[in-house]
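Each chain is listed here by its residues.
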Amino acid sequence: MDAETQQNHLKAYGITYWTLSKDLKVKWLLNYRGGSFLLPDTEQIRKECTIRGVSYEVLSDAETTAILDEISSPSKNMEAVILEKAPKIAVYSPKGNQPWDDAVTMVLTFAEIPYETIYDQEVLNDNLILYDWLHLHHEDFTGQYGKFYANYRATPWYIQEKAEAEKQAAELGYSKVSDQKLAVALKIRDYVVGGGFMFAMCSATDSFDIALAAEGVDICEPMFDGDPSDPGYQSKIDYSKTFAFKNFTLERSPNVYEFSSIDMTRNRRINKETDYFSLMEFSAKWDPVPTMLCQNHTMLVKGFMGQTTAYNPNEVKSNVLVLGENKTNGEARYIHGIKGKGFFTFYGGHDPEDYTHRVGDPKTELELHPTSPGYRLILNNVLFPAAKKKKQKT
């Protein structure tokens, strides 16, 4: 999985997932040649690699032993993690959305990793327990319809989506969309606390935490929910309820395309050509989880924007790990934490290979980006639940 020899990093994850689905175990060689995968040598796996265009090398038993010995050496920042079971994947996304509406569904489709689409009704019916891994689509859990009001309130798609959301809320027994979205956020919170793995991108990250912190507080203006917001609602925000963020200030104006001070989009002073973020280096033997999530063939990843592009590091909780950061602009791009028995990862930006993805933009053709470092980070999270759990060394 290094830069020099792997011609399709993204589909390599699909091969690994496919191997796990055949009840075969895989070793993930952390920090060894870009985070390579050690698979059983079968004719079927070789053929599948050839069909999908994935580069592979056949090793003798002696060569395999030598590699594993090297990895186990205390002097090497490497580790071999056993992957045991193909995780069952759910994508939280409105029905009818095309795969290219969301980077995760797009890369899962490209890598040929199966997933099921669920939305509010399934979450509220407790269907999350059926899945090992949950991805949150570009979403607004605050009930403010993505803060698209200023630019898009007169467009047919905005009017239709607002009407459909209100109809669904009523059918599910809620008087407001914001109340329904809060109920969904609470179910997702319980899923993670109970041991689930949750991965979110773009506005699903900060809007999720805002919804949790604003439980019982009306932060929506009349154009969103038909009645005024609570007076002085900022002082009623409870940061203890959030997963990742603290001490943020909500954006009150419905005409501003922003949820809060968590996001750094409006404060960015960096141009596209120099917009990169660096991945942090962790101890593979002592901190295998963050090491897994940062596996890549480069430590420098191209930046990309979204409604929520990056996070203000001063508003990230101290118990949350920053996995990727843009030091030039002083922003956290990729963060991870533990909640109860489960894990969450938040990844800023919308599409790793579309710098300024906008409403109506054409889809990204991943055939043109089979070695994308930004998309590899998503797939690290997909395989993360497959890892055999080890007792903490500390």
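Preceding this paragraph is the structure being described.
Residues numbered from 1 in each chain as written. Predicted model: local features only at pLDDT ≥ 70, side-chain atom pairs only at ≥ 80, totals over all residues. Heavy atoms only, no water.

(A) Here's a closer look at the sheet that holds strand β3 (residues 79-83). With antiparallel pairing, the three strands of this open sheet are ordered in space as β2-β1-β3. The open sheet has two free edges, formed respectively by β2 (36-38) and β3, since each of these has just one partner strand. Looking at each pair of strands side by side, their axes are set apart by 30° on average, direction ignored. Two elements, strand β1 (residues 26-30) and β3, share five bridges in a ladder whose sense is antiparallel. The residue bridging Val26 from the neighbouring strand is Leu83, located in β3. Its contacts with the sheet put helix α1 (residues 9-21) on β1, β2 and β3, and the angle it makes with β1 is roughly 145°. (Pairing = 2+ DSSP bridges. Helix = DSSP H or I, 4+ residues; strand = E, 2+ residues; numbered from the N terminus. Axes fitted to C-alpha atoms, helices over the stretch in contact; angles between N-to-C directions. Contact = heavy atoms within 4.5 Å.)

(B) Representation of the side chain of His9 within the structure. Take His9: it is sitting in helix α1. Note on His9: relative accessible area 1%, which makes it buried. Here Met1 takes part through its backbone oxygen, which lies 3.2 Å from a polar atom of the side chain of His9. Not counting residues within four places of it along the chain, the set of residues in contact with His9 comprises Met1, Asp2, Ala3, His297, Pro370, Thr371 and Arg376. (Buried < 20%, exposed > 50% of the residue type's maximum accessible area, 1.4 Å probe, protein only. Polar contact = N/O pair within 3.5 Å; in protein donor to acceptor, adjacent residues only side chain to side chain.)

(C) Main features of the pairing of strand β4 (residues 89-92). The alternating pattern of β4 places Ile89 and Val91 on one face and Ala90 and Tyr92 on the opposite face, and all of these are buried. Bridge count between β4 and strand β6 (residues 133-136): four bridges; the pairing is parallel. Across the sheet, the residue bridging to Val91 is His135, located in β6.

(D) Molecular detail of the packing of aromatic side chains. Evaluation of the coordinates by the stated rule reveals 27 aromatic pairs. Each ring, one from Phe148 and one from Tyr152, has its centre 5.6 Å from the other, and the planes form 80°; the classification is edge-to-face. The buried category is assigned to Phe148, whose relative accessible area is 13%. Ring pairing ties together the aromatic residues Tyr92, Tyr119, Phe141, Phe208, Phe243, Phe245, Tyr311, Phe344 and Phe346, which thus form one cluster. The ring of Phe304 is capped by Arg333, whose NZ or CZ atom sits 5.1 Å from the centre of that ring. (Phe/Tyr/Trp six-rings, centres within 6.5 Å; stacked < 30°, edge-to-face > 60°. Lys NZ or Arg CZ within 6 Å of the ring centre and 35° of its normal.)

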